[in-house]
Amino acid sequence: MKVQINWNDPIAAEPTTQILALPVAFGREIDALPTDLEGQPVTPFQLLDANKKISRYHALLNMVEGQLIIEDFSTNGTLVDGVRIQRVQHDLASGSIIGIGHYDLMIVLENKTVLAQSDETVLEEPNDSDGTIINPINPSDLADNPKLSPSTHIMALEWTEKGQLHYREIDFYGTKVPGLIRIGRDEDQCDLVLPQSDKTVSRLHLEIFSVEPSGDSNILHDFPGGDRTFLRNVTRDNPPDKRNPVIVDGQIILEQEVPINAGSHIQIGESSIIIKSIDAVLPNYPIE
């Protein structure tokens, strides 16, 4: 089992991502970290700290009976989603943030392991605003189907949920708020509704929107390279203790708006979403 660890490196001053095999031992001194746990090799993760607020061997990240856990061995404790623990084990969800010293580390379970356990693929039938099913088409059908012509603003999304792969096409102008694709747990507000059980996902968590090339917008000035589709974390407007992060291509997003493109990877809590295409001829996926 592997995990993806995302953090803003205080030394390099840039977002950093590593994919590591469990168990993972965190600490200030590499020589103090265990190398073996009941016959299983341990991956060392050194956290440099001149102030020594991080213990030599601070914490262990592991999978115990199918549950991701963090176990603290430190003097100063570890924060788990803002709650301090010390000398105890604590369950983690994929997307939890652990605070060790001045490091905030987002822990995300690698989905490849989950997908390997399931032979089922669920391909959702995309709907337009009145609930009519739009079947995937071949490129040769475009001329007879203006709804799916290249000028139609459609985004294709792929994500995993409970070990199953889902696929959906969403028209920006057939959503609850035309021009915005909203993602979260609230089915009344969101176009893509994520599991209610994942409380690391807000009721309304993020919005995806596009900016016309001719539009008079500050965001185009900030991203002059041709990017026209952007993501913003809507929880940034909440009080600090009510904000939930989003990871976009390995970067933790709390405040800023960021460009996304076909191939972009979005992690929200336990859900991993891949942008398959934007404004493109969609592949002819079979729907059962």
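Structure first, text after, so check above.
Residues numbered from 1 in each chain as written. Predicted model: local features only at pLDDT ≥ 70, side-chain atom pairs only at ≥ 80, totals over all residues. Heavy atoms only, no water.

1. What about the overall build of the protein chain?
Then, in step 1: A count of helices and strands for the protein chain gives 2 helices and 24 strands.
Then, in step 2: A total of 288 residues make up the protein chain; the buried ones form 46% of that total.
Then, in step 3: Across the protein chain, contacts joining residues at least 24 apart in sequence account for 45% of those joining residues at least 6 apart.
Then, in step 4: Approximately 14,800 Å² of the protein chain is accessible, and the part contributed by carbon and sulfur atoms is 47%. (Helix = DSSP H or I, 4+ residues; strand = E, 2+ residues; numbered from the N terminus. Buried < 20%, exposed > 50% of the residue type's maximum accessible area, 1.4 Å probe, protein only. Contact = heavy atoms within 4.5 Å. Areas by Shrake-Rupley, 256 points an atom, 1.4 Å probe, with all protein chains shown as cover.)

2. Here we look at the pairing of strand β23 (residues 265–268)
Then, in step 1: Both strand β20 (residues 246–248) and β23 contribute to a ladder of 2 bridges, which runs antiparallel. Bridged to Val248 within β23 is Ile266.
Then, in step 2: Sheet analysis places β23 next to strand β24 (residues 271–278), joined by 4 bridges and oriented antiparallel. Within the sheet, the bridge partner assigned to Gln267 lies in β24 and is Ser272.
Then, in step 3: Between β23 and β24, which pair antiparallel and follow one another directly, the connecting turn spans 2 residues, one of which, Gly269, has a positive phi of 55 degrees. (Pairing = 2+ DSSP bridges.)

3. So, the side chain of Glu207
Then, in step 1: On the secondary structure map, Glu207 appears in strand β18 (residues 206–210).
Then, in step 2: Residue Glu207 is classed as buried on the basis of its relative accessible area of 7%.
Then, in step 3: Reaching out from Glu207, the side chain makes a polar contact with the side chain of Arg182 at a distance of 2.8 Å.
Then, in step 4: Ignoring sequence-local partners within four residues, the contact set of Glu207 consists of Leu180, Ile181, Arg182, Phe230, Leu231, Arg232 and Val234. (Polar contact = N/O pair within 3.5 Å; in protein donor to acceptor, adjacent residues only side chain to side chain.)

4. Some thoughts on the packing of aromatic side chains
Then, in step 1: Scanning the entire structure with this criterion turns up 4 aromatic pairs.
Then, in step 2: With centroids separated by 5.2 Å and ring planes inclined at 65 degrees, the aromatic side chains of Trp7 and Phe45 adopt a geometry described as edge-to-face. With Trp7 in strand β1 (residues 2–9) and Phe45 in strand β6 (residues 43–46), this pair connects stretches of sequence that are 38 residues apart. Here Trp7 matches Phe45 in class, with each residue buried. (Phe/Tyr/Trp six-rings, centres within 6.5 Å; stacked < 30°, edge-to-face > 60°.)

5. Re the nonpolar core
One broad rule of soluble globular proteins: the nonpolar side chains tend to lie buried together.
Then, in step 1: Grouped together as the largest cluster of nonpolar side chains are 23 residues, with contacts concentrated most on Met155, Ile183, Ile208, Leu231, Ile266 and Ile268.
Then, in step 2: Those elements that provide at least two residues to this core are β14 (154–161), β16 (180–184), β18, β20, β23 and β24.
Then, in step 3: Among all residues touching Leu231, those that are not within four sequence positions of it are Leu206, Glu207, Ile208, Val246, Val248, Gln256, Glu257, Val258, Ile260 and Ile266. (Core = buried A, V, L, I, M, F, W, Y, C linked by side-chain atoms within 4.5 Å.)

6. Digging into the side chain of Asn244
Then, in step 1: Along the chain, Asn244 falls in the loop between β19 (229–233) and β20.
Then, in step 2: Side-chain polar atoms of Asn244 contact the backbone oxygen of Thr200, separated by 3.4 Å.
Then, in step 3: Look past the residues within four positions of Asn244 in its chain and what remains in contact with it is Lys199, Thr200, Val201, Ser202, His205, Asn233, Thr235 and Leu254.

7. Focus on the pattern of salt bridges
Then, in step 1: Counting across every chain of the model gives 9 salt bridges.
Then, in step 2: The shortest N-O distance in the salt bridge between Arg232 and Glu257 comes to 3.2 Å. On the criterion of sequence distance, the pair formed by Arg232 in strand β19 and Glu257 in strand β22 (residues 257–259) is long-range, its members being 25 residues apart.
Then, in step 3: When its relative accessible area of 23% is taken as the criterion, Glu257 is described as partly exposed. (Salt bridge = Lys/Arg side-chain N within 4 Å of Asp/Glu carboxyl O.)

8. A word on the layout of surface pockets
Then, in step 1: Quantified by volume, the largest pocket comes out at close to 640 Å³.
Then, in step 2: Along the wall of the largest pocket there are 24 residues; nearest its centre are Asp81, Ile97, Arg243, Pro245 and Leu254.
Then, in step 3: At the level of secondary structure, the elements contributing two or more residues to the lining of the largest pocket comprise β12 (96–100) and β13 (103–109).
Then, in step 4: Sort the elements by how many residues they give to the lining of the largest pocket and β12 lands first, with 4 residues. (1 Å grid on protein atoms, 1.4 Å probe; cavity = no way out; pocket = protein on both sides within 12 Å on 5 of 7 lines; lining within 4 Å. Points joined across faces, edges and corners; volume = space filled by probe spheres on them.)

9. A short note on the sheet that holds β19
Then, in step 1: On the basis of which strands lie adjacent, the open sheet formed by 5 strands has the order β17-β16-β18-β19-β22 and mixed pairing. The two strands at the open ends of the sheet, each matched to only one other strand, are β17 (192–193) and β22.
Then, in step 2: Sheet analysis places β18 next to β19, joined by 5 bridges and oriented antiparallel. Residue pairing in the sheet places Ser210 in a bridge with Thr229 of β19.

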